[in-house]
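Chain by chain, the residues:
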Amino acid sequence: MQRELKRAIEEAYRVVIFTGAGISTESGIPDFRSPGGLWTKMAPIDFQDYLRSADVRAEAWRRKFEIDKTIVAAEPNKGHMAIAKLVDEGKVAHVITQNIDNLHQASGIPSEKIIELHGNGTYAKCLDCGERYELFQVKEMFDASGKAPDCTSCGGIVKSATISFGQAMPEDEMNRAHEATLGCDLFLAIGSSLQVYPAAGFPILAKRNGATLVILNREPTELDRIADLVINDEIGPTLAPIAMLN
Ligand code: NAD
Ligand code: ZN
């Protein structure tokens, strides 16, 4: 299996890698759907509820600061580093990610090659004027008032720069991901259950466009039936030898 993946990468002209929460579990960040994952502990907060209620916003920030203790301490693992090497060698044109943990950037991949479909959780933004807030600033304001802070420039609602359920997908990133997907001849989906749409539409689009589709994930996924190669294994140990990291 690993040898087949290596060959597929060698033979490809342009590879796009698509990642989900599974690539970051080896860095200590739990995924959503595995046992003990985030979803089994608390239901996600819907965007409309966030807009509607200051109490919901305060609860969202409380959770965010709690989860952040894990995310801030996390470092890129062998899987991230293997992908960074393939990008560096020019094999991989783009990394489309559902993750919000900034670990692809931390692995050294230039930001113009990373397409974040669900935003980035390492900072916050005003939903009205777009002003950026660092999380420590939000925490200071939250701790001082006990309330979810509003934008100091325009009074708008401040939210972590991630895309919540019920929130519109970022147009630019969706367009870039679309273009990248249509431009590849090998699409490699790594560590995603491929259940969250529209993100999971990209492997389908790649396949329809004639690219080879490879899925690397511990468990079976929704799209295994259309894949050319499915590898049910651990990500770091599978990718590191392929990128010759060990
Ligand atoms: P998911 O939790 O639905 O699926 C993750 C998949 O990865 C699972 O099928 C699991 O079996 C597999 N997996 C976990 N660890 C693995 C390993 N070491 N090796 C091989 N496979 C492994 O995640 P998703 O499809 O990305 O969807 C969840 C959504 O939640 C995403 O859209 C993302 O925005 C968000 N999320 C992000 C993070 C993060 O940024 N690290 C973490 C949790 C959730
Ligand atoms: Zn504002």
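Residues numbered from 1 in each chain as written. Chains lettered and ligands numbered in written order. Predicted model: local features only at pLDDT ≥ 70, side-chain atom pairs only at ≥ 80, totals over all residues. Heavy atoms only, no water.

Colleague: I'd like a rundown of the sheet that holds strand E2 (residues 92-97), residues and numbers included.
Modeller: The strands making up a sheet associate through backbone hydrogen bonding, with each pair oriented either parallel or antiparallel. Taken in spatial order, the six strands of this open sheet run E3-E2-E1-E7-E8-E9, and their pairing is parallel. Only two strands of the sheet have a single neighbouring strand rather than two, namely strand E3 (114-116) and strand E9 (229-231). Mean inter-strand twist for the sheet, computed between neighbouring axes without regard to direction, equals 15°. Strands strand E7 (186-190), strand E8 (212-216) and E9 of the sheet are contacted by helix H1 (residues 2-11), whose axis makes an angle of about 140° with E7. Seen against the sheet, helix H9 (residues 201-208) touches strand E1 (15-19), E7 and E8 and runs at an angle of roughly 155° to E7. (Pairing = 2+ DSSP bridges. Helix = DSSP H or I, 4+ residues; strand = E, 2+ residues; numbered from the N terminus. Axes fitted to C-alpha atoms, helices over the stretch in contact; angles between N-to-C directions. Contact = heavy atoms within 4.5 Å.)

Colleague: Outline the coordination of the zinc ion (ligand 2), listing residues and values.
Modeller: Coordination of the zinc ion (ligand 2) by the protein involves Cys-126 (SG), Cys-129 (SG), Cys-151 (SG) and Cys-154 (SG), with metal-donor separations of 2.3 to 2.4 Å. In this structure, the zinc ion (ligand 2) is surrounded by four donor atoms whose angles at the metal cover 100 to 116°, and the resulting shape is tetrahedral. Mapping the donors of the zinc ion (ligand 2) onto the primary sequence gives the spacing C-x2-C-x21-C-x2-C. Highlighted residues: Cys-126 in strand E4 (residues 119-126) and Cys-151 in the loop between helix H7 (135-145) and strand E6 (158-162), separated in sequence by 25 residues. On the basis of relative accessible area, Cys-126 is assigned to the buried category, the value being 3%. Take Cys-151: its relative accessible area is 5%, and that puts it in the buried class. (Donors = N, O, S within 2.8 Å, 3.2 Å for Na, K, Ca; no water. Tetrahedral: all angles 85-135°; square planar, octahedral: opposite > 155°, others 65-115°. Buried < 20%, exposed > 50% of the residue type's maximum accessible area, 1.4 Å probe, protein only.)

Colleague: Run through the site of ligand 1, naming residues and quoting values.
Modeller: Around ligand 1 sit 27 residues in total, of which Ala-21, Arg-33, Gln-98, His-118 and Ser-193 are the nearest. In the model, an oxygen atom of ligand 1 is placed 3.4 Å from a nitrogen or oxygen of the Gly-191 main chain. Contacts to ligand 1 include Glu-234, whose side-chain N or O atom sits 3.1 Å from a nitrogen atom. Relative to its unbound accessible surface of 860 Å², ligand 1 loses 97% to contact with the protein. Of the residues that constitute the shell around ligand 1, the class distribution is seven nonpolar, twelve polar and eight charged. Looking at which domains feed residues into the shell around ligand 1, each of domain 1 (1-29 + 78-118 + 163-246) and domain 2 (31-73 + 120-161) gives three or more. (Near = heavy atom within 4 Å. Polar contact = N/O pair within 3.5 Å; in protein donor to acceptor, adjacent residues only side chain to side chain. Areas by Shrake-Rupley, 256 points an atom, 1.4 Å probe, with all protein chains shown as cover. Nonpolar A, V, L, I, M, F, W, Y, C, P; charged D, E, K, R; others polar. Domains from an automatic or database assignment.)

Colleague: So, the nonpolar core: which residues are in play, and what are the values?
Modeller: Ranked by internal contacts, the top residues of the largest apolar core, which has 26 residues, are Leu-5, Ile-83, Ile-190 and Leu-239. The set of elements that each furnish at least two residues to this core consists of H1, E1, helix H5 (78-88), E2, E7, E8, E9 and helix H10 (235-242). Per element, the largest residue contribution to this core is five residues, and it comes from H5. Setting aside residues up to four positions removed in sequence, Ile-83 forms contacts with Ile-17, Thr-19, Ile-23, Val-95, His-104, Ile-109, Ile-190 and Leu-239. (Core = buried A, V, L, I, M, F, W, Y, C linked by side-chain atoms within 4.5 Å.)

Colleague: Help me get a handle on the packing of aromatic side chains, residues and values and all.
Modeller: For the structure shown, the criterion picks out three aromatic pairs. Plain terms: the ring middles of Phe-18 and Phe-187 are 5.8 Å apart, the flat faces sit at 35° to each other, and that makes the pair tilted. Residue Phe-18 is located in strand E1, and its partner Phe-187 is located in strand E7; the two are separated by 169 residues in the primary sequence. Judged by relative accessible area, Phe-187 falls into the buried class, the value being 0%. Judged by centre distance (5.8 Å) and plane angle (65°), the ring pair of Phe-65 and Phe-142 falls under edge-to-face. One end of the pair, Phe-65, is in helix H4 (residues 54-73); the other, Phe-142, is in helix H7, and 77 residues separate them in sequence. Each member of the pair, Phe-65 together with Phe-142, is buried. Taken together, Trp-61, Phe-65 and Phe-142 form an aromatic cluster joined through their ring pairs. Above the plane of the ring of Tyr-123 lies Arg-132, whose end atom (NZ or CZ) is 3.9 Å from the centre. A cation sits over an aromatic face here: Lys-139 above Phe-65, 5.6 Å from the ring centre. (Phe/Tyr/Trp six-rings, centres within 6.5 Å; stacked < 30°, edge-to-face > 60°. Lys NZ or Arg CZ within 6 Å of the ring centre and 35° of its normal.)

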